[in-house]
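What follows is the residue order along each chain.
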Amino acid sequence: MAHQGFSDNQAGLFLHGDEDEAFPLPMGGPGGKLPSYIMDHRKRLRARFMEGGAAALPDYEMLELILFRAIPRQDVKPLARLLLEVFGDFNRVISATPQRLMLVKGVGEAVVQELKIVEAAAGRLMRAKVMNKPLLSSWDALLAYCQTVMAHRETEQFRILFLDRKNVLIADEEQGKGTVDHVPVYPREVVKRALELNASAIILVHNHPSGDPTPSEADISMTMQIQDAAQVLGIVVHDHLIIGKSRELSFRAEGYL
């Protein structure tokens, strides 16, 4: 079967080991020791976070906390502000691709690694709230998970949630990555994988990098093809969710399924 797809038509002062290049700011005493005003700032910022949590800090200060580990001996506030200027907000910085992050002055492998660790940790935390749980009664947690891992991606991603006879989530798998407005989908492979996992039902999920979750004609057509193929084998398609930047669309709720 020919495949179709879902689409969205709507300079450095120093470098030590794995430390990143950062903005050329005062380094202080021998051996690159931090000036006292930077050490005091880091101490105060960490204390504010521990006392008030993330709500007590604006986005750039949350980024500073992450950058402290990647760039231990420089002022990282300018880089935190630059990242927000380039990508728009905290979530988009964290979820930006390594390739795009590396284009930002001051970002090297250590910064990318710290940002990707935070992204992975957030995704794993949200995933734990839905795995091995009955999804139809944990819908809000499911939407929060999908928003966390997909809403701010710059390219389309198609994933399938596989459920057992009690609608418990038994597997969550990424089936394809695409471009900014298209991801290839193979209906035969979707159904084949459901049979391999002995799944009784599936939920389709993909994102629209444009931010608008309105389905395209290709989205609707492909969903119908998957539903038809699944129905023949007794597999239920509970829903198809399209994840936008700030909201999602449910095919079931909108009457497409």
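Residues numbered from 1 in each chain as written. Predicted model: local features only at pLDDT ≥ 70, side-chain atom pairs only at ≥ 80, totals over all residues. Heavy atoms only, no water.

**With respect to the side chain of Ser200**
So, point 1. Positionally, Ser200 belongs in the loop between α8 (187–196) and β5 (201–207).
So, point 2. Every residue in contact with Ser200, bar those within four places of it in the chain, is listed here: Leu163, Asp164, Arg165, Gly234, Ile235 and Val236. (Helix = DSSP H or I, 4+ residues; strand = E, 2+ residues; numbered from the N terminus. Contact = heavy atoms within 4.5 Å.)

**Quick word on the packing of aromatic side chains**
So, point 1. The full count for this structure, using the stated rule, is one aromatic pair.
So, point 2. Pairing Phe251 with Tyr256 gives two aromatic rings, centres 5.0 Å apart and planes at 45°, and the pair type is tilted.
So, point 3. Given the relative accessible area of 32%, Tyr256 is considered partly exposed. (Phe/Tyr/Trp six-rings, centres within 6.5 Å; stacked < 30°, edge-to-face > 60°. Buried < 20%, exposed > 50% of the residue type's maximum accessible area, 1.4 Å probe, protein only.)

**Things to note about the layout of surface pockets**
Rolling a probe over the atoms, with the probe sized like a water molecule, indicates the empty space that remains.
So, point 1. When its volume is computed, the largest pocket comes out at roughly 220 Å³.
So, point 2. Every residue along the wall of the largest pocket is listed here: Glu119, Ala120, Gly123, Arg124, Arg127, Tyr145, Thr148, Val149, Arg153 and Arg159.
So, point 3. Breaking the lining of the largest pocket down by element, the ones donating at least two residues are α6 (109–128) and α7 (139–150).
So, point 4. In terms of residues, the lining of the largest pocket owes the most to one element, α6, which gives five residues.
So, point 5. In terms of residue class, the lining of the largest pocket is made up of three nonpolar, two polar and five charged. (1 Å grid on protein atoms, 1.4 Å probe; cavity = no way out; pocket = protein on both sides within 12 Å on 5 of 7 lines; lining within 4 Å. Points joined across faces, edges and corners; volume = space filled by probe spheres on them. Nonpolar A, V, L, I, M, F, W, Y, C, P; charged D, E, K, R; others polar.)

**Examining helix α1 (residues 36–52)**
So, point 1. The end-to-end C-alpha distance of α1 is 24 Å, a good match for the 24 Å that 17 residues give at a rise of 1.5 Å each.
So, point 2. Those residues of α1 that fall on the buried side of the exposure criterion are Ile38, His41, Arg42 and Leu45. Summarising the axial view, the buried residues of α1 lie within an arc of 95°, below the 170-degree limit, and thus occupy one face. Pointing more than 90 degrees away from the buried face of α1 are the exposed residues Lys43, Arg44, Met50 and Glu51.
So, point 3. Here the buried face of α1 lies against α2 (59–70) and α3 (77–87).
So, point 4. Positive backbone phi, at 70°, marks Gly53, one or two positions downstream of α1. (Expected span 1.5 Å × (residues − 1). Arc of directions from axis to C-beta.)

The values are spatial; any link to function lies outside them.
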